[in-house]
Amino acid sequence: MMDYEVIFSNIPLYFEGLWVTIQLVLMALVLGFFLALPIALLATSKNILLRVPPKSYIYFFRGTPLLVQMFMIYHGMGQFEAIRESVIWIVFKEAYWCALIAFALNTAGYTAEILRGTIEQTPFGEIEAARACGMSKTTLYRRIILPGTFRRALPAYGNEVIFMLHGSAVAGVITIVDLFGAAKIVNSRYFVPFESFITAGFFYLCVTFIIVGLFKKLEFRWYAHLHPRTI
Amino acid sequence: MSMLVLFTLVSTVSAKEWKKIRVGVEGAYPPFSSVQADGTLVGFDIDIAKAICAEIGATCTLVPQDWDGIIPALLARKYDCIIASMSITEERKKKVAFSKKYYNTPAKFARKKGSGIAISKSGMKGKVVAVQRATTHDNFITAEFGDSVTIKRYGTQDEAYLDAVAGRVDLLLADSIAMDDGFLKTDKGSGWEFVGPNYTDPKYFGEGAGIAMRKGDKKLHQLMNNAIDAIRANGTYKRINDKYFNIDIYGN
């Protein structure tokens, strides 16, 4: 019953899709991270006026599905003639950029929430000690709060990276031939849903395995000071 | 004993009376099939399905299904036949059995008015062509123009029209009748026009649209072919045809 012949003859298509998936996820993660940092810092502010906009951003992007966000950007933007006739249409015209924007904004929301949590978890003793040493606020953030924040955020952020990888499959819905898009083409051309999707699943599994390995390595390094020592 | 059980099983299957037929339809391919605001299915395929069921004397349930999964769902017994403008092609015949054709219309390109795009390898170089994924049109454009154009593949024809209006694609390739009535004659398609020849090459487009069934259902196959002949002969086909089109889309 199984027909893996068509899968083998279409492996190049899967690799092309894999490459698109990796590009989209990597760029979205980098953009999203740099967007998330200021959002998280503002969200931990004591000033309520500074706190409300970043908190609303986090609330919105965590509160709506990625697919809905992507459709709003891809189909929604195409609806308005003013946008279609303006310069920014160069970006919104391409499904690829629409997906990237949606992914970056989405992961920024989740990452900001992770960082907000870990910033607030900074032990007060560390801050007190830093102040006693006479550190300025910038130095305090740079040397004490942020390094500890990133370290504590690492396991949760590893999860977010995996979620982003898996979430990126929605790109296949708006004509992008990512890993899932490639599987959809193979399925609809040869009518082999099981084989075509399990192959895509296998690729996702492999990438996830690499991500998990990388984060394990990073955790090992960043938590070096907590390892039991042999004398 | 087990032989006996097997024998009874086989005989009940082959002797199945087709009093109830579940028909797989698409619902996003006007004017052949589309979903109205209140959720009811309408269109040429839908009316043909109802006429065929009436001819056979069976009660029919229409099951809407996305194009991508329309053959796998048939094989998974979610319905018994597909009446969804499916072209009879060699690739599909490997998986399903087809009735005789119930219509045959040519494929055609459409372009944005004033774009001046010519239908040739050089004229279409670098242009974006929208097709519905895994249709005869997809196979044709991939094989004949795949090296000179960018192909965008959509799950439904409606999505392709949406991106054509948005200006994301330069050309559409689809069934000429479906595109004329479903897009060009509508408000949103007013900025678009047909261009190039009619495509009917059986190598890509098959012999027309037929009803797809599982290969084992020989009896149903016979019933469907007889029903198509009957509605052609008794005027039912013509009545449905004239409701939607001003030419006979059955072809030669």
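The structure displayed is predicted, hence computed values, not measured ones.

Colleague: How should I be thinking about the interface of chain A and chain B in this particular structure?
Modeller: Many analyses report the size of an interface as the accessible area lost when the parts associate. Taken residue by residue, the interface counts 22 residues in chain A and 20 residues in chain B. Taken over both partners, the interface formed by chain A and chain B buries close to 1,800 Å², and the fraction arising from carbon and sulfur atoms is 52%. Contact with chain B buries surface across chain A, with A:T175, A:R189 and A:F191 losing the most and accounting together for 35% of the total. Between the two partners, chain A and chain B, sit four residue pairs in polar contact (both at pLDDT 80 or more). Elements that contribute at least two residues to the side of chain A that touches chain B include exactly α4 (66-79), α6 (89-93), α7 (95-120) and α10 (179-190) of chain A. A per-element tally of the side of chain A that touches chain B places α10(A) first, with six residues. Class assignment for the residues of the side of chain A that touches chain B results in twelve nonpolar, six polar and four charged.

Colleague: Any chance you could explain the domain arrangement of chain B here in plain terms?
Modeller: Residues and elements named next belong to chain B. Taken domain by domain, chain B consists of domain 1 (19-104 + 207-244) and domain 2 (107-204). One C-alpha centre belongs to domain 1, the other to domain 2; they are set 25 Å apart. Taken residue by residue, the interface counts twelve residues in domain 1 and 16 residues in domain 2. The largest per-residue losses of area from domain 1 upon contact with domain 2 belong to Y29, P30 and W67, which jointly make up 37% of the total buried on that side. The tally of links between domain 1 and domain 2 comes to one salt bridge. For the salt bridge of D68 with R133, the shortest nitrogen-to-oxygen distance reads 2.5 Å. Here the residues of the side of domain 1 that touches domain 2 are counted per class, giving seven nonpolar, two polar and three charged.

Colleague: In this structure, what is going on with the environment of B:Y79? I would like to understand it.
Modeller: Residues and elements named next belong to chain B. Within the secondary structure, Y79 is located in the loop between α3 (70-75) and β6 (81-87). Remark: the alpha-carbon pair of Y79 and I21, spanning 58 residues in sequence, is separated by 7.5 Å. A polar atom in the side chain of Y79 sits 2.6 Å from the backbone oxygen of I70.

So, how was this worked out
Residues numbered from 1 in each chain as written. Chains lettered and ligands numbered in written order. Predicted model: local features only at pLDDT ≥ 70, side-chain atom pairs only at ≥ 80, totals over all residues. Heavy atoms only, no water. Contact = heavy atoms within 4.5 Å. Buried area = accessible area lost by both parts, 1.4 Å probe. Polar contact = N/O pair within 3.5 Å; in protein donor to acceptor, adjacent residues only side chain to side chain. Helix = DSSP H or I, 4+ residues; strand = E, 2+ residues; numbered from the N terminus. Nonpolar A, V, L, I, M, F, W, Y, C, P; charged D, E, K, R; others polar. Domains from an automatic or database assignment. Salt bridge = Lys/Arg side-chain N within 4 Å of Asp/Glu carboxyl O.

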